[in-house]
Amino acid sequence: MTSAEIVVVGSYNRDVSLSVERMPAPGETCLGLGRVESPGGKGSNQAIQAARCGAPTAMVAAIGHDAAGDEALALWSEAGVVTSGVARLAGQGTGMAVILVDARGENAIVVDSGANAHLAPEHVDAAATLIGGARLVVAQLETPVAATVRAFEIARAAGAATLLNAAPAPEAIDGALLALTDFLVVNEIEGKALSGHETAAAIGETLLGRVGKGVIVTLGAEGAMLFEHHRPPHRQSSSKVEVVDTTGAGDAFTGAFAARWIATGDAPAALAWGVAAGALACTAQGAAASYADRDRIAALAGA
Ligand code: RIB
């Protein structure tokens, strides 16, 4: 397969997750309870979840000529994710994230961007046919904005929709990027950074005026809210699950939302899949390694 309905322009990281009883205070050393290495990166996580939901999916990304880059390609190949838009960069290591996961499953993440920081508009241009043939182009903020703007320009020119997950939380958002965005996905921290508001309602209503189709505010264990033009806000609550590790739950949400929206064109139905996928991702260790397939997500979403 050389084409895809969803093209994700974004990051890949090798995640090194350390379990801790509690998060250390500044200046404190504490002994970890164990270490797990697994695939991560917000872009790759979202692509893997979309593919597990059955959507033909491709990655546009930058990785290094190293063992972690080889692992990324093997992961995408196994998941059926198209990799013709992936650049291997000389002299840059594949991205890496160090993640602390506490006894409640909450996490704190530091990313060493490596090759991700060098994804450039030229790499996006090289994947223009792939991007232009998609129905939805998805991006985050772990790779340079200039590359994402270029991808969204290509998408818009070809009539494809765009989805921006504004994570990690930005200090400010590029106005051109937001103007090219159809769906904006934020959690409450990211939403506050973009809108200056604290509540989901105020975040959603404020940001909706700046995007084409809709704003989704994810609320962790409380589910998510969807704000669309000319429709009242829609709330989707989450099923209670036993939380092991919340890492990558937001990415599972975005990947499953994207896949279901492509399949149905129904944003509330896609919201239900996103919330179900996010909840299931919390029940096992790691990011992409913890993601459920479409049958489990459909069963929990009730559709
Ligand atoms: O959203 C979770 C992801 O953030 C991790 O996989 C880590 O790599 C960072 O990108």
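For the structure itself, consult the block above.
Because the structure is predicted, anything quoted here is derived from the model rather than measured. (Residues numbered from 1 in each chain as written. Predicted model: local features only at pLDDT ≥ 70, side-chain atom pairs only at ≥ 80, totals over all residues. Heavy atoms only, no water.)

(A) Examining the overall build of the chain more closely. The helix and strand tally for the chain stands at eleven helices and 13 strands. Taking 19 Å as the expected radius of gyration for a compact globule of 303 residues, we find that the chain reaches 18 Å, a close match to that expectation. With respect to the three principal axes, the spread of C-alpha positions in the chain is 50 × 45 × 40 Å. Counting all 303 residues of the chain, 54% fall into the buried class. Pairs at least 24 residues apart make up 66% of the contacts formed inside the chain by residues separated by at least 6 positions. Carbon together with sulfur atoms contributes 52% to the accessible area of the chain, which is approximately 12,300 Å² in total. (Helix = DSSP H or I, 4+ residues; strand = E, 2+ residues; numbered from the N terminus. Rg over C-alpha atoms; globule rule 2.2 N^0.38 Å. Buried < 20%, exposed > 50% of the residue type's maximum accessible area, 1.4 Å probe, protein only. Contact = heavy atoms within 4.5 Å. Areas by Shrake-Rupley, 256 points an atom, 1.4 Å probe, with all protein chains shown as cover.)

(B) Expanded view of helix H5 (residues 145-158). Over its 14 residues, H5 extends 20 Å from the first C-alpha to the last, a length consistent with the 20 Å expected when each residue adds 1.5 Å. All buried positions along H5 are accounted for by Ala-147, Thr-148, Val-149, Ala-151, Phe-152, Ile-154 and Ala-155. The first or second residue beyond H5 is Gly-159, which carries a positive phi of 85 degrees. (Expected span 1.5 Å × (residues − 1).)

(C) Structural detail: the environment of Val-36. Structurally, Val-36 is set in strand E3 (residues 34-40). When neighbours within four sequence positions are excluded, Val-36 is seen to be in contact with Asp-15, Val-16, Ser-17 and Gln-285.

(D) Spatial organisation of a nonpolar patch on the surface. Among the surface-exposed residues, Met-96, Val-98 and Val-110 lie close enough to one another that they form a single nonpolar patch of about 250 Å² accessible area. Here Met-96 shows up in strand E6 (residues 95-101). Met-96 gets classed as partly exposed once you look at its relative accessible area, which sits at 36%. (Patch = residues over 30% accessible without salt bridge, like charges linked within 9 Å, V, L, I, M, F, W, Y side chains within 5 Å. Salt bridge = Lys/Arg side-chain N within 4 Å of Asp/Glu carboxyl O.)

(E) Seen up close, the packing of helix H1 (residues 42-52) against helix H9 (residues 249-264). Between H1 and H9, whose axes approach to 7 Å, the crossing angle comes to 45 degrees. In terms of orientation, H1 and H9 fall into the oblique class. Considering only the axes of H1 and H9, their crossing is right-handed. Between H1 and H9, the contacting residues are Lys-42, Asn-45, Gln-46, Gln-49 and Ala-50 on the first element and Asp-251, Ala-252, Thr-254, Gly-255, Ala-256 and Ala-259 on the second. (Axes fitted to C-alpha atoms, helices over the stretch in contact; angles between N-to-C directions. Parallel < 35°, antiparallel > 145°, perpendicular 65-115°, else oblique. Left-handed = near helix turned anticlockwise from the far one by under 90°.)

(F) Structural detail: the packing of aromatic side chains. Across all of its chains, the model carries four aromatic pairs by this definition. Ring centres of Tyr-12 and Trp-76 lie 5.6 Å apart, and the angle between their planes is 80 degrees; this geometry places the pair in the edge-to-face category. With Tyr-12 in the loop between strand E1 (6-9) and strand E2 (13-19) and Trp-76 in helix H2 (residues 67-79), this pair connects stretches of sequence that are 64 residues apart. We note that Tyr-12, like Trp-76, is buried. Ring centres of Phe-253 and Phe-257 lie 6.1 Å apart, and the angle between their planes is 15 degrees; this geometry places the pair in the stacked category. One end of the pair is Phe-253 and the other is Phe-257, both in helix H9 and four residues apart, which spans about a single turn. Both residues of the pair, Phe-253 and Phe-257, count as buried. An aromatic cluster of at least three residues, connected via ring pairs, comprises Phe-183, Phe-253, Phe-257 and Trp-261. (Phe/Tyr/Trp six-rings, centres within 6.5 Å; stacked < 30°, edge-to-face > 60°.)

(G) Representation of the pairing of strand E8 (residues 136-139). Residue alternation in E8 divides its side chains into two sets, Leu-136 and Val-138 and Val-137 and Ala-139, and both sets are buried. Summarising the sheet, E1 and E8 pair through four bridges and their orientation is parallel. For Val-8, the partnering residue across the bridge sits in E8 and is Val-138. Bridge count for E8 against strand E9 (residues 161-165) is four bridges, and the pairing is parallel. Across the sheet, Val-138 pairs through a bridge with Leu-163, a residue of E9. (Pairing = 2+ DSSP bridges.)

(H) The arrangement of the site of the ligand in detail. In the vicinity of the ligand, 13 residues are found, and the nearest of them are Asp-15, Gly-41, Lys-42, Glu-142 and Asp-251. Between the ligand and Asn-13, the relevant distance is 3.1 Å, taken from an oxygen atom to a side-chain nitrogen or oxygen of the residue. (Near = heavy atom within 4 Å. Polar contact = N/O pair within 3.5 Å; in protein donor to acceptor, adjacent residues only side chain to side chain.)

(I) The arrangement of the sheet that holds E3 in detail. As summarised here, the arrangement of the four strands in space is E3-E2-E6-E7, forming an open sheet in which the pairing is mixed. Each end of this open sheet is capped by a strand with a single partner; those strands are E3 and strand E7 (107-112). Neighbour-to-neighbour, the strand axes of this sheet turn through a mean angle of 20 degrees, independent of strand direction. Bridge count between E6 and E7: six bridges; the pairing is antiparallel. From the neighbouring strand, Val-101 faces E7, where its bridge partner is Asn-107.

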